[in-house]
Structure formats: structure tokens, C-alpha cells
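# Topology and contacts: notes
Residues per chain, in single letters:
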Amino acid sequence: MIELYILRQFAAFAEAGTLSEAAEVLHLSQPALSRNMKKLEEDLGIPLFERRKNKLELNENGDYVLEMAQKLLEEAEAFTEKAREFDRKKRTITLGVCAPAPIWRLAPLIANQFPHMSLQTEMDSEEQLQAGLENNAYQLIVTHQKPEGTRYYWKECGRETLLFALPKTHRYAKRKSLSFSEMNGENMLLMSDIGFWDFVKTEKMPDSRFLTQSDRFSFNELVQASSLPSFTSDLAEKYEGRPSGRIRVPIEDEEAVVTYYLVCRPENRQFFAMLFASL
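Residues numbered from 1 in each chain as written. Predicted model: local features only at pLDDT ≥ 70, side-chain atom pairs only at ≥ 80, totals over all residues. Heavy atoms only, no water.

### Side note on the overall build of the chain
To keep it simple, the criterion reads: Comment: elements are numbered from the N terminus, with helices defined as DSSP H or I runs of at least four residues and strands as E runs of at least two. In this treatment the radius of gyration is a C-alpha quantity, and the globule benchmark scales as 2.2 Å times the residue count to the 0.38 power. Per-residue accessibility, obtained with a 1.4 Å probe over protein chains only, is compared with the maximum for each type, and a residue is labelled buried under 20%, exposed over 50%, and partly exposed between these values. By definition, residues are in contact when any of their heavy atoms lie within 4.5 Å. Only the protein chains shown count as cover for residues, with accessible areas throughout obtained via the Shrake-Rupley method and a probe of 1.4 Å. In summary, the charge assignment counts Lys and Arg as positive and Asp and Glu as negative, without counting His or the chain termini. Here the site of a charge means atom NZ of a Lys, CZ of an Arg, CG of an Asp or CD of a Glu.
Within the chain one finds 11 helices and 11 strands. Scaling as 2.2 N^0.38, a compact globule of 279 residues should have a C-alpha radius of gyration of about 19 Å, whereas the chain reaches 29 Å, well beyond that. Taken over the C-alpha atoms alone, the chain extends approximately 90 × 45 × 30 Å along its principal axes. Evaluated residue by residue, the chain yields a buried proportion of 38% over its 279 residues. Contacts in the chain between residues at least 24 apart in sequence constitute 69% of all its contacts with a sequence separation of at least 6. Carbon and sulfur atoms form 48% of the exposed surface of the chain, whose accessible area is close to 16,600 Å². The averaged location of the 42 negative side-chain charges in the chain is 6 Å from the averaged location of its 35 positive side-chain charges.

### So, the pairing of strand 7 (residues 188-191)
Threshold: Strand pairing requires that DSSP identify at least two bridges connecting the strands. The crossover handedness rule: strands pointing away from the viewer, path from first strand over the helix to second strand clockwise, crossover right-handed.
Burial along strand 7 is two-sided: the face carrying Met 188 and Leu 190 and the face carrying Leu 189 and Met 191 are both buried. Two strands pair when backbone bridges link them, and strand 7 and strand 8 (residues 210-213) are joined in this way by four bridges, in the parallel orientation. Bridge pairing in strand 8 links Leu 189 to Leu 211. On the question of chirality, the crossover connecting strand 7 to the parallel strand 8 by way of helix 8 (residues 199-204) is right-handed.

### Considering the environment of Val 223
With respect to the helices and strands, Val 223 occurs in helix 9 (residues 216-225). Look at Val 223 and you get buried, because its relative accessible area is 6%. Residue contacts for Val 223: discarding those within four places in its chain leaves Leu 189, Ser 230, Pro 243 and Arg 246.

### What about the packing of aromatic side chains?
Two numbers describe a pair of aromatic rings. These are the distance of the centres and the angle of the planes. Filter applied, for reference: Ring pairs are drawn from Phe, Tyr and Trp, using the six-membered ring of Trp, whenever the two centres fall within 6.5 Å, and their geometry is named by plane angle: stacked under 30 degrees, edge-to-face over 60, tilted for the rest. Two conditions define a charge located above a ring, namely a distance within 6 Å from the ring centre to NZ of Lys or CZ of Arg, and an angle within 35 degrees of the ring normal.
Using the criterion set out here, one finds 14 aromatic pairs in the structure. Centroid distance Phe 196 to Tyr 260: 6.3 Å. Interplanar angle 75°. Geometry classified as edge-to-face. Taken as a pair, Phe 196 in the loop between strand 7 and helix 8 and Tyr 260 in strand 11 (residues 257-264) lie far apart in primary sequence, 64 residues in all. For the pair Phe 196 and Tyr 260, a shared accessibility class is recorded, and that class is buried. Among the aromatic residues, those joined into a ring-pair cluster are Phe 196, Trp 197, Phe 199 and Tyr 260. Between the NZ or CZ atom of Arg 171 and the centre of the ring of Tyr 172, over which it lies, the distance is 4.6 Å. Here the guanidinium or amino end of Arg 175 rests over the ring plane of Tyr 172, the centre of that ring lying 5.4 Å away.

### Let's talk about helix 1 (residues 4-16)
This is how the line gets drawn: A helix is expected to span 1.5 Å multiplied by its residue count minus one.
For helix 1, built from 13 residues, the straight-helix expectation of 18 Å at 1.5 Å per residue is met to within 8% by its first-to-last C-alpha distance of 18 Å. Along helix 1, the residues classified as buried are Ile 6, Leu 7, Gln 9, Phe 10, Ala 11, Ala 12 and Phe 13. Immediately downstream of helix 1, the backbone of Gly 17 shows phi near 100°, a positive value.

### Observations regarding helix 5 (residues 101-113)
The following threshold applies: One axis fitted to the seven residues ending at a residue, another fitted to the seven starting there: the angle between these axes is the bend at that residue.
Of all the bends in helix 5, the greatest, near 25°, is centred on Ala 107, and the proline Pro 108 appears no more than four residues after it. Of all the positions in helix 5, only Ala 101, Pro 102, Trp 104, Leu 106 and Ile 110 are classed as buried.

The following block contains the structure:
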């Protein structure tokens, strides 16, 4: 039987070009590497090298065996990764979301109901979330569009209302409500990872300039110190606190209120039955 470690040493020699350089890369002594190359020839029953004075080169057999060895090593690496990934999936719940807010509610529920499993979350577009659900990259996804038909099992898992958070000195601070169009052109503070809410920048307020921040703590500090308006939401305030020194002004546009849906494939419905029941 030919051991994988010897094939790795053989491939390392072919890449390095000399026994001494390969031995250094492999942290082996040169005599030990030389013995293993001889053992590989004996196990195969064919010569693999042209031996010249102070030089060892692959012969035609060696070139052919090298090509096969490299494929075997790649397959072995893939085999190991697939086995580990299979084990990881048994102990990991993968959740894809369209926005940050659903995680605030779902993460504690999942941790409570599946205490021996870890939770992996990612934020992506709804198109990619559905594709990930189809190919099992995600076991659960959260969308802001109601799934159609009977292809998936789903349940409403919350609503979020977006608001403007204005400094007390802002000219609109005393308004009962505002529209996106009225605030279009204002310089704004904004978290960078906001999922589908990004449409506010690109579609509703295209003339505004946004100062973005990826770290939540840094963003909150910036909001407290800055005179620029920002956004908040009812769910952000519920789970992360209300921004201090700011006036909350509701947004009139219907797009400022969204409903979230927790979705899984029908075959996973029973596994997540308690989670859906808790919503």
C-alpha cells in the first residue's frame, strides 16, 4: 500500500527540483526523503528517477506518476474537507438574512432551542438567499418578500419600521413625519451592512451623501457626536437601544415598513417545528 505522505513528499520533490530543497521544505533529513523515494519505486515496482552524479530527476514514469499523485492528493484534500463539512453541518445551523434585524430576534431563539449547535449567519440578496436554500448552503433564510406557492414552508417572523433619527437642532426635528423625498439631498450617517435597506440610498435618496460605518459601537458614538441625521428603526431600538440626543421622526413612505418571513425547505419543517411555533 502506498502512503499519502510519501506521495506528498514525491510531489514536493518534483516541485522543489532537488532532494535537499524538498527536504528543507518538508522539514525532513535528506537521507530520510531519499529512502522514501526509493520505497515508492519499490512499492510501484518501476523506476521513477534518472540518477546522475549529484542529481536526481524524474524519468518518463516519474512524470506520469506525478500527474496521478497530484490528482490523488487533490482528491484526498477534498475528501477531508467534505468529511469535515458534513460533520460541521450536523452541528451548525446556517441562517441567511436579507437585513440585520431578523438576527436580533432569531439568534436567541435558535440558541435556546438548539443549545448544542452553533449558528452561522450571512446577509445576502433575496435571490442569493433562495439559491442558497435550494443548494443547502442555508437551512433557514429570512426574506422581506412573501414566498409564493408551496415550494417552501414559511411563517411571518416580524415587522420593522424605519425612522429618521434627527439631531434636536435639525430643521425638521419638530415634524410629525417625513418622506424620503423631503430628506433626499441631506448628508446622512449610515451603517454599511444594511441588507436590502440599501435601496433607500440608491432609489429613495440618490442625491444624498452617506457617511458609512461598519462597526456598531463606532456608529453609535458617531451618531452622538455628529450633527448629521441618521436612521433608526423600532427593532433597532428594541434590541440595541434608542439613540440618545435624537428626535425620532416616522417616515411616511410605505416602503419604510417591511414584514420579514422565516423560510425553510419542506423536508426541514419538522426539525425546525419548535422554532416556527415560537414565532
